[in-house]
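Understanding the architecture of this molecule
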Amino acid sequence: MGSKVRVRGLVILFRNLLRLRFLLCLNLVITIVLAAAAQTQAQPGSGSSSAGNSPSKTDAVPPSQRVVLKVGNLQITQAAFEQYVSALEAQQGPADLSPKQLGDNYASMLMLSQLATANHLDTTPDVQRQLAIDRMQILSNAEFSAMKAKAKPTPEQIKAYYDAHPDEFATVEIRRLFVMSGDPANGGKLSPEQAKSVATDIRKIYDSGGDEAKIKQLIASTPHSGDEIVLDAQPLGFERGELPAAMQKTVFALKPGGWTEFDNSANTYIFVQLVQHGRRDLKDVSARIEKRLQEEKLRAELNELKTKTGIWMDESYFTSRPDMPQFQDRD
């Protein structure tokens, strides 16, 4: 039970470190507002000159000086607003709102934050507690990002992992052959007995060497509808791990040209021929290896940090409590 709690705790920690969206954007907004306010104070008269300019003259004003939004006495420049939008999209993906809608939302947020400060809501215990939690989460996210950057493996490390795991990225190309009886009421031409007979003949062919031309000749000479006997026109490629477990071991053990058989249901016969073995190129799996090595190093560093920090948990408390609700992102 104690192990379950630790694993669950680690999952929650990673989720909250990586999925910090609203909280980070809120703090970025505050930072941008302060920067914009300082910028406006350092450039007196920028608001009045922008307001009186014609569109052609306004376009000539540098983004750092062009005021595009006012909330009371606070003036927001084009550069500050676009920095806000860029930071928001970096955290939440491309915005599905128009610039006007984003501007309206931004202005409303600034207005309400100003009112909250004027009404001293920022000094209430509940808001103070939330701000403290926000700060802690943002700091932990910043440290995690720094650790993640340091844990990024080098191209040499990625190549070494690829060379040391030759079977991990193995591939096969296979050709499947399906034989199944049809329903006469729906135009089926292959009876269960005929399907069984065709399957037996196919086994004889591949037991004697698997001549593909003979199999195609057998299919062509057997009366059937289009979906009763189906042979893949082209081989299909699969990487290790993509096939069902019961099929993977057998298929990967075949030699090129070899056949095997799988039965899914009565009167249905599934034959698989291995065309060739292969392996994914390093360039195709580099990103996957990089992510795996990075996660392994991060996990090891976090565990080491926990040991050095001296984290202790009262197991009697955590194991006796019912499952607590999962953390949710704030909308």
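Keep in mind it's a predicted model, so treat the numbers as computed, not measured.

Comments concerning the packing of aromatic side chains
Following the criterion strictly, the structure yields seven aromatic pairs and no others. Judged by centre distance (4.2 Å) and plane angle (5°), the ring pair of tyrosine 84 and tyrosine 106 falls under stacked. With tyrosine 84 in helix α5 (residues 78-92) and tyrosine 106 in helix α6 (residues 99-118), this residue pair connects regions lying 22 residues apart in the sequence. Plain terms: the ring middles of tyrosine 317 and phenylalanine 318 are 4.9 Å apart, the flat faces sit at 80° to each other, and that makes the pair edge-to-face. On the basis of relative accessibility, which here comes to 34%, the residue phenylalanine 318 falls in the partly exposed class. Through successive ring pairs, a cluster of aromatic residues spans Phe81, Tyr84 and Tyr106. Of note, arginine 240 hangs over the ring of phenylalanine 252, and the distance from its end group to the ring centre comes to 4.4 Å. The lysine or arginine in question, arginine 279, covers the ring of tyrosine 162, its NZ or CZ lying 3.7 Å from the ring centre.

What to know about the pairing of strand β7 (residues 268-279)
When strand β3 (residues 170-180) meets β7, the two strands line up antiparallel, connected through eleven bridges. Bridged to threonine 171 within β7 is glycine 278. Note that strand β6 (residues 259-262) and β7 share four bridges and pair antiparallel. Within the sheet, the bridge partner assigned to glutamate 261 lies in β7 and is phenylalanine 271.

Things to note about the packing of helix α9 (residues 192-207) against helix α10 (residues 212-221)
Between α9 and α10, the least distance of the axes is 10 Å, while the angle of their chain directions is 165°. Relative to α10, α9 is oriented roughly antiparallel. In this structure, α9 meets α10 at a crossing whose hand is right-handed. Side by side, α9 and α10 meet where Val198, Asp201, Ile202 and Ile205 of the first sit next to Lys214, Ile215 and Leu218 of the second.

Definitions and limits used
Residues numbered from 1 in each chain as written. Predicted model: local features only at pLDDT ≥ 70, side-chain atom pairs only at ≥ 80, totals over all residues. Heavy atoms only, no water. Phe/Tyr/Trp six-rings, centres within 6.5 Å; stacked < 30°, edge-to-face > 60°. Helix = DSSP H or I, 4+ residues; strand = E, 2+ residues; numbered from the N terminus. Buried < 20%, exposed > 50% of the residue type's maximum accessible area, 1.4 Å probe, protein only. Lys NZ or Arg CZ within 6 Å of the ring centre and 35° of its normal. Pairing = 2+ DSSP bridges. Axes fitted to C-alpha atoms, helices over the stretch in contact; angles between N-to-C directions. Parallel < 35°, antiparallel > 145°, perpendicular 65-115°, else oblique. Left-handed = near helix turned anticlockwise from the far one by under 90°. Contact = heavy atoms within 4.5 Å.

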